[in-house]
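# Descriptive analysis of the structure
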Amino acid sequence: MFQYAILANPGHNRIYFDTAVKIACSELKAILDSMGLTVTEVTEKEIGLPAALVFESEQELNEAQLTRISASSIYYAIFQVVEGGLLKPLQPTPFNTFPESMSQILRYTGKTNEQFTRLMVNLGLSAAATNSEQKCLMDPMCGKGTTLYEGLIQGLDVMGVEINAKWVQETQTFIVKYMKNGRFKHKVTKEKRTGAGGKKVADGFALQAAHSKEAFANDQAQSMKLYAADTRIINQIVKKNSCDVMVSDLPYGVQHGSKNAKDTKMARSPLELLEEALPAWKQVLKPKGAIVLSFNEFTLKWKQLAELFESQGFKVMDEEPYIGYLHRVDQSINRNIFIAVKP
Ligand SMILES: C[S@@+](CC[C@H](N)C(=O)[O-])C[C@H]1O[C@@H](n2cnc3c(N)ncnc32)[C@H](O)[C@@H]1O
C-alpha cells in the first residue's frame, strides 16, 4: 500500500476551515473514484502537519493523478508517507492554465467562496462521464463569475448566464483587464442572440484567451462566453448538448432576493425558479453531463431537489461521496450541495 498525505490549505476562511477539511475528504474521494483508483477512506489525521487528509492506495499515484489531486479545493502540498512515518514531498505538474489569482481578486457581497466553488467544479468533473476532449463548464446563474474563473483556471471552456446586466458588464470589464495586465493573448467579440422572429433574447460577449502565445497560435485557446439573460431561456441562447458540467450557487433568498416588488423574476423562491429553468438547462447539458448546485437548506431541501430532478429524468447522485455536504455558513445560511447527472 502507498500512503499519501495532503496538507490542507491554511488560506481557507477560518470560520469555514473545519468544515472545509471535512467536506474536502468527500471531494477527494470523488476525484480518486473518477480516476478509477482504489483507495482506503480519506480521513483527517494527525501526522505532524497542522491539518492533513490521509489515504492509502493500492497503486502508486502517477503524474496525471497527482496533478488532478492538486486541483482539489483543500490542496496545499502533497507528501508520500514513507518508512518511519517520514513525509516525502511530491511535486505535481501544475494543474492550472491561468493563475489562481483570477478567482481571488474580486471581493463583493454575494460572492461564492472560491475554494467552495472549486469543490463544486471538481464534483461536477468527477460525476460527469461525457468523454469530451475539451470540457465546457456552464454557470447558468453566474453572478460576477467565480465559477467561470475557476473553470478557466482548470483549463476548461466556460459559459455564463446572469440576469443582472450590470454584473455581466463588470465581469466582462474585469476579465479583459486581467488578460491585459497578465499579458495573456486574447480576443474579444460581441455576440447578440436572437430568438423566434429575429427578436433579441440576449447580449453576449465572447473571449478567446490562452495562457501562452504558443497555445493561442496552436488553436488551444480557451473560450469564455457570457450572456445577460434569464436562465430560464438559456436553451434559446446556448446550443443544445453543449456543456459537460453545470455548476451554480443558487440565489439563497437572503441577499439576492430582490427588494423591488416589480422584479418578480428574482423574487421567486429557488425551487420555483428551478422548476421553470430545469427543462432549458437539460437541453444545453450533454448526455452524461452533471449538474452541481449549492443552496440554502433554510429555503430549499435536498429532498425537494431530488424529487424535481427525478421527475425531469435525471439520475440523482444520492450516495457517498456525492452526499453529506451540509454545513453552516452563518446564522441564515445552512449550505448544502446537490448533484445529478443527465442520462
Ligand atoms: C448566489 S448568486 C451567484 C454568485 C456567483 N457564484 C459569484 O460568485 O459571483 C446567484 C445569482 O443568480 C442570479 N439570478 C437569479 N435569478 C436569475 C435568473 N432568473 N436568471 C439568471 N440569473 C439569475 C442572481 O442575480 C445572482 O447573481
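A quick note: this is a predicted structure, and the numbers were derived from the prediction, not measured.

What follows deals with the overall build of the chain. Along the backbone of the chain there are 9 helices and 15 strands. Its C-alpha radius of gyration of 20 Å places the chain within 12% of the 20 Å reference for a compact globule of 343 residues. Its C-alpha atoms give the chain principal-axis dimensions of about 70 × 50 × 35 Å. Within the span of the chain, comprising 343 residues, buried residues form 41% of the whole. Taking all contacts inside the chain whose residues are at least 6 apart in sequence as the whole, residues at least 24 apart take part in 71%.

Bringing the site of the ligand into the picture now. Near the ligand lie 24 residues; those nearest to it are M141, G143, T146, I163 and T231. Where the shell around the ligand is concerned, the elements lending two or more residues are helix 4 (146–153), strand 7 (157–162) and helix 7 (264–267). Along the lines of polarity and charge, the residues of the shell around the ligand split into 8 nonpolar, 9 polar and 7 charged.

Reports often express the size of an interface as the amount of accessible area lost when the parts come together. Assigned domains of the chain: these are domain 1 (2–90) and domain 2 (100–157 + 229–341). Relative placement of domain 1 and domain 2: their C-alpha centres are 26 Å apart. With 17 residues of domain 1 at the interface, the matching set in domain 2 holds 15 residues.

The buried fraction of strand 10 (residues 222–228) is high, at 6 of 7 residues. Looking at chain direction, strand 7 and strand 10 are connected through 5 bridges and run parallel. Within strand 10, the residue paired with M159 across the bridge is K225. Judged from the 7 bridges that link them, strand 9 (residues 200–209) and strand 10 form a sheet pairing that is antiparallel. When the sheet's bridge partners are listed, A209 is paired in strand 10 with Q222.

Turning next to the confidence of the model for the chain. It should be kept in mind that the predicted coordinates are not to be read in detail where pLDDT is low. Mean pLDDT over the chain stands at 92; residues scoring 70 or higher make up 94%. Contacts from residues 254–266, a stretch scored under 50 in pLDDT, to residues over four places away or in other chains number 16 contacts.

Where helix 3 (residues 114–127) contacts helix 4, the two axes come as close as 9 Å, and the packing angle between them is 65°. Considering the relative orientation of helix 3 and helix 4, their crossing is right-handed. For the pair formed by helix 3 and helix 4, the contact residues are E114, T117, R118 and V121 on the first element and T146, T147, E150 and G151 on the second. Tallied by class, residues from the contact of helix 3 with helix 4 come to 1 nonpolar, 4 polar and 3 charged.

Next up on the list: the sheet that holds strand 3 (residues 52–57). Pairing is antiparallel across the open sheet formed by 5 strands, whose spatial order is 2-3-1-4-5. Here the strands that pair on one side only, and so sit at the sheet edges, are strand 2 (43–44) and strand 5 (86–90). As paired strands, strand 2 and strand 3 are joined by 2 bridges and run antiparallel to one another. Opposite E44, over in strand 3, you have L53 as the bridge partner. Where helix 2 (residues 63–70) meets the sheet, its contacts fall on strand 4 (75–82) and strand 5, and the angle it forms with strand 4 comes to roughly 135°.

About the criteria used
- Residues numbered from 1 in each chain as written.
- Predicted model: local features only at pLDDT ≥ 70, side-chain atom pairs only at ≥ 80, totals over all residues.
- Helix = DSSP H or I, 4+ residues; strand = E, 2+ residues; numbered from the N terminus.
- Rg over C-alpha atoms; globule rule 2.2 N^0.38 Å.
- Buried ≥ 20, exposed ≤ 12 C-beta atoms within 10 Å, placed from the backbone.
- Contact = placed C-beta atoms within 7 Å.
- Near = placed C-beta within 6 Å.
- Nonpolar A, V, L, I, M, F, W, Y, C, P; charged D, E, K, R; others polar.
- Domains from an automatic or database assignment.
- Pairing = 2+ DSSP bridges.
- pLDDT = per-residue confidence, 0-100.
- Axes fitted to C-alpha atoms, helices over the stretch in contact; angles between N-to-C directions.
- Left-handed = near helix turned anticlockwise from the far one by under 90°.

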